Amino acid sequence: QVQLVESGGGLVEYGGSLRLSCSASGFIYSDYGMKWLRRAPGKGLEWVSFITTDGTETNYRSSVEGRFTISRDNAKNMLFLQMNNLRPEDTAVYYCTRSPSNTVADKSIAGFWGQGTQVTVSS
């Protein structure tokens, strides 16, 4: 019943921007911290960013700090990832992910994730 549907991926040039969206359903969205994971070619699942239930605190992987912004709209059960100054190494499938219960500053790859959306950054 838990559903996470990502959208907004695509092909973008080096230095470009994309805004990923995630629509959540099947659970009380505001009760869970949320995060974005990604899987790059030849790599395993990798944590990208986390946001607390109320959106007041965020955490980022060092390589995306200052370039990506995670946000949420609890009234609409939505999660977002604004990605600016994109680099080829950001190329990956990005997954909207529900963090395990009672986690904070969650940098793990555990949780429930969606189908993913492809982000490709060309040089």
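Note that the structure is a prediction, hence the values are computed from the model and not measured.

Colleague: Would you take a moment to explain the state of the cysteines for this structure?
Modeller: In total, this model carries 1 disulfide according to the counting rule given. With a sulfur-sulfur separation of 2.0 Å, C22 is cross-linked through a disulfide to C96. Negative torsions about the S-S bond denote left-handed disulfides, and the value of about -70 degrees found for C22 with C96 makes this one left-handed. Taken together, the positions of C22 in strand β3 (residues 18-25) and C96 in strand β9 (residues 92-98) put the pair 74 residues apart, joining distant regions of the chain.

Colleague: Would you explain the sheet that holds β3 in this entry?
Modeller: Pairing between the strands of a sheet is mediated by backbone hydrogen bonds and can be parallel or antiparallel. With antiparallel pairing, 4 strands are arranged side by side in an open sheet as β1-β3-β8-β7. Whereas interior strands pair on both sides, the edge strands pair on one side only; in this sheet they are β1 (3-7) and β7 (68-73). Strand-to-strand, the axes of this sheet are offset by a mean angle of 15 degrees, without reference to chain direction.

Colleague: For this particular structure, what's the right way to read unusual backbone geometry?
Modeller: For residues besides glycine, phi is generally negative; the peptide bonds are generally trans as well. Unlike most non-glycine residues, N77 shows phi in positive territory, near 55 degrees. Mapped onto the secondary structure, N77 falls in the loop between β7 and β8 (78-83). The exposure class assigned to N77 is partly exposed, which follows from its relative accessible area of 25%. Non-glycine residue A105 carries a positive phi angle of around 45 degrees. A105 gets classed as partly exposed once you look at its relative accessible area, which sits at 38%.

Parameters and conventions
Residues numbered from 1 in each chain as written. Predicted model: local features only at pLDDT ≥ 70, side-chain atom pairs only at ≥ 80, totals over all residues. Heavy atoms only, no water. Disulfide = S-S within 2.5 Å. Helix = DSSP H or I, 4+ residues; strand = E, 2+ residues; numbered from the N terminus. Pairing = 2+ DSSP bridges. Axes fitted to C-alpha atoms, helices over the stretch in contact; angles between N-to-C directions. Buried < 20%, exposed > 50% of the residue type's maximum accessible area, 1.4 Å probe, protein only.

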